[in-house]
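# Geometric and topological summary
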Amino acid sequence: MAREPALLERPRRTATPPPLDWLTLADAFEAACLLRCMPPPAGSRPQRAAGRFPASTVEFNREDAAQRMRQLLERLDVPVEHEMAFGGLRRRYELHRLRVPPTHRVRYSRLMEAGWWQGRRELLAAPVPGASTPRRVWVPRLAAAAWRSALLAGGRHVRRHILGVRLTDRELAAVLIRSAALLRVPAELRPGTGCFLVSVADGPDRHRILQHTALAPAPAAESAASA
């Protein structure tokens, strides 16, 4: 008589990885936001509908965005190969391609995935009554990291009366609106043709965003105690 399959024989779900510490989270979240600003390289295989990760190769058309991504990955102990090419006929442009070696792609993928979802969760849940001191300190830093990524790698939309970025990622656009609120800056979201425009008003609001997103020395490791 054939034995019926038992429920206990079903594959076990993979255990949820432990949360990232604040210092690692800040770098992983910012790198994940940079990825979400960029379309996948031409010829790459499509990613899951829920996100673009893992994208082991990413192309930036701005050197400062590529250098920031490289800096973040190096701090996360993920080596990256940096190639530069030139394109265009009448209007020449630089293309910076970053590629994670195959031997480090599993770690890279896990960090990008965990960094995005944990950072997004912290931003959308804040502020929490009675939140710990590390959370009160680091959540605004995550908000600033989201905007820094968008200003570096998103499609800048600068007008006399606004500072804006064009994004194709709906989730990132929502995160920017929430991040601006946490930085005490009102932001506006407008749908466009195939993209979303997130903007803040010129004047004090623009100055506050640029002030928060200015690069500073990396926080000391001892200040990264988890909540």
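Whatever comes next refers back to the structure up there.
Everything numeric in this text was worked out from a predicted model, so none of it was measured.

The rules behind the values
Going along each chain's sequence as written, the residues are numbered from 1 onward. Per-residue local features are limited, in this predicted model, to residues with pLDDT of at least 70; the limit for side-chain atom pairs, both in listing and counting, is 80 or more; totals at the level of whole chains, interfaces and linings are taken over all residues. Only hydrogens and water are set aside when side-chain values are computed; all heavy atoms of the structure are taken into account. Pairing between two strands requires that DSSP report at least two bridges joining them. The helix count covers DSSP runs of H or I at least four residues long, the strand count covers runs of E at least two residues long, and both are numbered beginning at the N terminus. Whenever a helix is involved, its axis is fitted only over the stretch in contact; in every case the axis is a line through C-alpha atoms, and angles between N-to-C directions fall within 0 to 180 degrees. Salt bridges are identified by distance alone: a Lys or Arg side-chain nitrogen within 4 Å of an Asp or Glu carboxyl oxygen. Only protein chains enter the accessibility calculation, which uses a 1.4 Å probe. A residue is then buried if its area is under 20% of the maximum for its type, exposed if over 50%, and partly exposed in between. A contact between two residues is defined here by any heavy atoms of the two lying within 4.5 Å. These descriptions rest on fixed angle ranges, namely under 35 degrees for roughly parallel, over 145 for roughly antiparallel, 65 to 115 for roughly perpendicular, and the rest for oblique. Polar here means any residue outside two lists: the nonpolar Ala, Val, Leu, Ile, Met, Phe, Trp, Tyr, Cys and Pro, and the charged Asp, Glu, Lys and Arg; Gly therefore counts as polar. For Phe, Tyr and Trp, rings pair up if their centres lie within 6.5 Å, where Trp contributes its six-membered ring, and each pair is then called stacked (planes under 30 degrees apart), edge-to-face (over 60) or tilted (otherwise). A ring is scored as having a charge over it whenever the NZ atom of a lysine or the CZ atom of an arginine sits within 6 Å of its centre and within 35 degrees of its normal.

### Digging into the sheet that holds strand S1 (residues 57-60)
Pairing in this open sheet of 3 strands is antiparallel, and the strands run S1-S3-S2 from one edge to the other. Taken across any chain shown, the strands that pair with only one partner, and hence form the sheet edges, are S1 and strand S2 (81-87). Each neighbouring strand pair of the sheet contributes to a mean axis angle of 25 degrees, computed without reference to strand direction. Pairing of S1 with strand S3 (residues 93-99), which is carried by 4 bridges, proceeds in the antiparallel orientation. Following the sheet pairing, Thr57 is matched in S3 by Arg99.

### Observations concerning the sheet that holds strand S5 (residues 162-167)
What the 4 strands build is an open sheet, ordered S4-S5-S7-S6; its pairing is antiparallel. Two strands in the sheet have a free side with no partner beyond their single neighbour: strand S4 (155-158) and strand S6 (187-191). Averaged over all neighbouring strand pairs, the angle between strand axes comes to 25 degrees, with direction disregarded. One ladder, built from 5 bridges, connects S6 with strand S7 (residues 196-201); its direction is antiparallel. Following the sheet pairing, Ala187 is matched in S7 by Val200.

### Observations regarding the pattern of salt bridges
Taken as a whole, this structure holds 13 salt bridges when the rule is applied. A salt bridge links Glu83 to Arg97; the shortest N-O distance between them is 3.5 Å. Of the two residues, Glu83 is situated in strand S2 and Arg97 in strand S3; the sequence distance between them amounts to 14 residues. Judged by its relative accessible area of 22%, Arg97 is partly exposed. A salt bridge links Glu83 to Arg99, with the shortest nitrogen-to-oxygen separation between them at 2.9 Å. Placement of the pair is Glu83 in strand S2 and Arg99 in strand S3, with a sequence separation of 16 residues. Taking relative accessible area as the criterion, Glu83 reaches 33% and is therefore assigned partly exposed.

### Some words on the side chain of Arg68
Along the chain, Arg68 falls in helix H2 (residues 63-75). Excluding its chain neighbours within four sequence positions, the residues that come into contact with Arg68 are Glu30, Leu34, Arg75, Arg148, Leu152 and Leu215.

### A look at the pairing of S4
In the sheet, S4 pairs with S5 via 4 bridges, with the strands oriented antiparallel. Residue pairing for S5: His157 is matched across the bridge by Gly164. The turn joining S4 and S5, which pair antiparallel and follow one another in sequence, is formed by 3 residues.

### Let's talk about the packing of helix H4 (residues 133-153) against helix H6 (residues 204-213)
Taken N-terminus to C-terminus, the directions of H4 and H6 make an angle of 100 degrees; their axes are 8 Å apart at the nearest point. Judged on the interaxial angle alone, H6 and H4 are roughly perpendicular. Counted together, Ala144, Trp147, Arg148 and Leu151 of H4 and Ile209, Leu210, His212 and Thr213 of H6 form the full contact between these two elements. Classifying every residue of the contact of H4 with H6 by side-chain character gives 5 nonpolar, 2 polar and 1 charged.

### So, unusual backbone geometry
Positive phi values are uncommon outside glycine, yet Asp77 reaches one of about 65 degrees. Note on placement: Asp77 falls in the loop between H2 and S2.

### Some thoughts on the packing of aromatic side chains
One pass over the structure, following the stated rule, counts 2 aromatic pairs. Summarising the aromatic geometry, the rings of Phe29 and Trp116 are spaced 5.9 Å apart at their centres and angled 15 degrees between planes, so their arrangement reads as stacked. Here Phe29, found in helix H1 (residues 22-37), pairs with Trp116, found in helix H3 (residues 105-125); they are 87 residues apart in sequence, far enough to count as distant. For Trp116, a relative accessible area of 0% puts it in the buried group. Taking the centre distance of 6.4 Å and the plane angle of 70 degrees together, the rings of Trp116 and Trp117 count as edge-to-face. Ring pairs connect the aromatic residues Phe29, Trp116 and Trp117, which therefore count as one cluster. Above the plane of the ring of Trp116 lies Arg36, whose end atom (NZ or CZ) is 4.1 Å from the centre.

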